[in-house]
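The chain contents come next:
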Amino acid sequence: MSAPDTLEREQEPADEHLTMGIDPWEKNWMLVSIVLLVVFAAAITVAGFAAGFQLPGEESEVDPRTVATEGPWAEPGLRELGEGRYEAYILAQAWSFAPRELVVPIGAEVDIYVTSPDLQHGFKITDTNVNMQIVPGQVSKLSFTFDEIGEFPYICTEYCGSAHAAMFGTVKVVSQADFDAAESGATDTSEATDTSEATAEAQG
Ligand SMILES: [Cu+2]
């Protein structure tokens, strides 16, 4: 046996250690990679479906030049869709949110649509998992159910210029009675039926 022949043989793994021609170490790495892929897929599934984490959906594209004057963002705010269901249109612009305040009744399931006519912004509602990137020309949408009474500030989370820190607003989650009272107070102050007590409370 010549010397070069011996060297060549030592570099090859011994045939008895191979499974289907695969080195055991390589097989282990393949197994680890497959397990990791399964773990990642499970994590994304749990986050997306059980924990409600969603990417900002590209619901539709809008023209950033006209979005502030035409369409639903021309009159930003909350609109009722049905029993306990609402939609909120919010415009993020340098350096404010329109509207500044969103009053919702407890238990309200709100579809939140945010867009920007100018720069890239962020939209995060404190103490919730609502956290979106706002890009001009794109609509970012998330749904959230407000089931706790209180004030939840929303802020811009992407630096957008000198007054970025002044860019904030508040979601006020109130009782159904307070919400009804505020609504009827805004439209008809003379209304006094079964909500009269709540109305008096709200006005007092
Ligand atoms: Cu900002």
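Residues numbered from 1 in each chain as written. Predicted model: local features only at pLDDT ≥ 70, side-chain atom pairs only at ≥ 80, totals over all residues.

A. Quick peek at the sheet that holds strand β4 (residues 101–105). Ordered in space as β4-β10-β9-β6-β7, the 5 strands form an open sheet in which the pairing is mixed. Unpaired on one side and paired on the other, β4 and β7 (131–134) mark the two borders of the sheet. On average, each strand axis in the sheet is inclined to that of its neighbour by 20 degrees, with strand direction left out of account. Where β4 and strand β10 (residues 168–174) come together, 5 bridges link them in parallel fashion. The partner of Glu101 across the bridge, within β10, is Thr170. (Pairing = 2+ DSSP bridges. Helix = DSSP H or I, 4+ residues; strand = E, 2+ residues; numbered from the N terminus. Axes fitted to C-alpha atoms, helices over the stretch in contact; angles between N-to-C directions.)

B. Expanded view of the pairing of β7. Only one face of β7 is buried, namely the one carrying Met132 and Ile134, since none of Asn131 and Gln133 on the opposite face is buried. Relative to β7, strand β6 (residues 121–125) runs antiparallel, the two being bridged by 4 bridges. Residue pairing for β7: His121 is matched across the bridge by Ile134. The antiparallel pairing of β6 with β7 creates a hairpin that spans 5 residues between the two strands, and Asp127 there sits at a positive phi of about 65 degrees. (Buried ≥ 20, exposed ≤ 12 C-beta atoms within 10 Å, placed from the backbone.)

C. Expanded view of the confidence of the model for the protein. Of the residues in the protein, 80% have a pLDDT of 70 or more, and the chain-wide mean is 83. Across residues 189–204, confidence stays below pLDDT 50; counting only partners more than four residues off in sequence or on other chains, it has 18 contacts. (pLDDT = per-residue confidence, 0-100. Contact = placed C-beta atoms within 7 Å.)

D. Region of the structure containing the environment of His164. Looking at where His164 falls in the secondary structure, it is placed in the loop between β9 (150–155) and β10. Distance in space between the C-alpha atoms of His164 and Ser96 is 8.4 Å, their sequence separation being 68 residues. Contact partners of His164, with chain neighbours within four places excluded, come to Trp95, Cys156 and Tyr159.

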